Amino acid sequence: TVDGIGAQEKKLAELKAQFEKDGLFNQEHKKATPLFPSKIGVITSLDSAAMGDFITTLRLHNNYSDVVIIPTIMQGIRSELSIIESIDSACYEDVDVIAIVRGGGSVDDLRVFNNENLCRHVFECDVPIITGIGHQTDQHLINFIADISGMTPTACASILNRPFIDIYHKINHVIEKLPHIILEKQTLIQQKVLFSLELITKHIESIIKEKDNKLRYLSQSLVTSNPLSRLKSGYSITKDVRGNVLRSVSKLKQGDMIVTDLIDGSIESSITEYNHEKKANH
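Let me begin by describing the structure that accompanies this report. (Residues numbered from 1 in each chain as written. Predicted model: local features only at pLDDT ≥ 70, side-chain atom pairs only at ≥ 80, totals over all residues. Heavy atoms only, no water.)

### Comments concerning helix 3 (residues 79-92)
Okay, step 1: Taking 1.5 Å as the rise per residue, helix 3 with 14 residues should run 20 Å; its terminal C-alpha atoms sit 20 Å apart, in good agreement.
Okay, step 2: Tucked inside the fold, the buried residues of helix 3 contact strand 1 (39-44), strand 2 (66-71), strand 3 (97-102), helix 4 (116-124) and strand 4 (129-133).
Okay, step 3: Of the residues one or two after helix 3, Asp94 is the one with positive phi, at around 60°. (Helix = DSSP H or I, 4+ residues; strand = E, 2+ residues; numbered from the N terminus. Expected span 1.5 Å × (residues − 1). Contact = heavy atoms within 4.5 Å.)

Listed below in structure tokens is the structure:
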């Protein structure tokens, strides 16, 4: 009846006001949903369209999380206790997040999601809860109390997929840039190698030049110190008969035989006279 609907709306408004007063809608009570849950508990009717929509959407981008389906009565007199028991079962399964999903329906079909006991149980649950119930036009108290509300099963799964989608986009972005990054790295390495080779080449050339200059100097010194070189310049070398090079006349006397080496031969001589000049001491 109209009066019955009005009474229900009044009761719902009073319950909503009480929840607001008790702080059940306050943002500070919302629990953070893990970005990459390893296990997701799904509370829904077994083989329902809502379950199919949720799983299909979830698996588009998330094959990482294990999914635990908890068959639940989602409407009618027994639904309140069934959903509460399923929440407890999900917690027992040690899931990281709980998704409560159901498709659209009449006001009576979805009445359980305004149930005070169920709403308070959702609020007190230690595991983050995300809801996907009915359609966007439907508003239920459980959606305001849940840590996240996706409004529909598909939207609920999409919310859980967001971190995975972000990862996929980042990976694809890196993959797209990878050839350019590799080319840049390759070019940089080639430049470093060429620069190093240039430095090594210059160093080797410097060493070779230094050794060549030293060799030239030694060769020139050898040529200069070679007695034969002096002979070519018109000098001669005088020796006694024993082959000792004479450097002074002080040990000579008349009648001694000497040998003088020239560039093209030698001369044997006998000393008949010699002059001995003493150098003044400075």
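Next comes the rest of the description.
### Looking at the sheet that holds strand 4
Okay, step 1: One open sheet holds the five strands; their spatial order is 2-1-3-4-5, and the pairing between them is parallel. Where the open sheet ends on each side, the last strands, each with one partner, are strand 2 and strand 5 (148-149).
Okay, step 2: Pairing geometry for strand 3 and strand 4, over five bridges, is parallel. Pairing of Arg102 across the sheet is with Ile133, part of strand 4. (Pairing = 2+ DSSP bridges.)

### Brief notes about the sheet that holds strand 6 (residues 237-240)
Okay, step 1: Overall, antiparallel pairing links the three strands, which are arranged 6-7-8 in an open sheet. Of all the strands in the sheet, just strand 6 and strand 8 (265-270) have a single pairing partner and so form its edges. Strand-to-strand, the axes of this sheet are offset by a mean angle of 25°, without reference to chain direction.
Okay, step 2: Bridge count between strand 6 and strand 7 (residues 257-262): four bridges; the pairing is antiparallel. Bridging from a neighbouring strand, Asp240 pairs with Ile258 of strand 7. (Axes fitted to C-alpha atoms, helices over the stretch in contact; angles between N-to-C directions.)

### Observations regarding helix 4
Okay, step 1: For helix 4, the set of buried residues is Leu118, Cys119 and Val122. Buried residues of helix 4, viewed axially, fall in a sector of 100°; they line one side.
Okay, step 2: Its side-chain oxygen at 2.9 Å from the backbone nitrogen of Asn117, Asn115 defines the N-terminal cap of helix 4. (Buried < 20%, exposed > 50% of the residue type's maximum accessible area, 1.4 Å probe, protein only. Arc of directions from axis to C-beta. Polar contact = N/O pair within 3.5 Å; in protein donor to acceptor, adjacent residues only side chain to side chain.)

### Topic: unusual backbone geometry
Backbone geometry follows two general trends: most residues other than glycine have a negative phi, and most peptide bonds adopt the trans configuration.
Okay, step 1: A positive phi is found at Asp47, a non-glycine position, where the angle reads about 65°.
Okay, step 2: In this fold, Asp47 is placed in the loop between strand 1 and helix 2 (49-58).
Okay, step 3: Phi at Asp94 is positive, roughly 60°, even though this residue is not glycine.
Okay, step 4: Examined against the element boundaries, Asp94 turns out to sit in the loop between helix 3 and strand 3.
Okay, step 5: Given a relative accessible area of 60%, Asp94 falls into the exposed group.

### Looking at the environment of Pro71
Okay, step 1: Tracing the chain through its elements places Pro71 in strand 2.
Okay, step 2: Measuring from C-alpha to C-alpha, the distance between Pro71 and Ser45 comes to 5.4 Å, with 26 residues separating the pair along the chain.
Okay, step 3: Contacts of Pro71, omitting those with residues within four sequence positions, involve Thr44, Leu46 and Ser86.

### Some details on the packing of aromatic side chains
Okay, step 1: Going through the model one piece at a time under the given rule, you end up with four aromatic pairs.
Okay, step 2: An angle of 90° between the planes, with centres 6.1 Å apart, marks the rings of Phe19 and Phe25 as edge-to-face. The same class applies to Phe19 as to Phe25, namely buried.
Okay, step 3: Aromatic side chains Tyr64 and Phe164 sit 6.1 Å apart centroid to centroid with 45° between the ring planes, which places their arrangement in the tilted category. (Phe/Tyr/Trp six-rings, centres within 6.5 Å; stacked < 30°, edge-to-face > 60°.)

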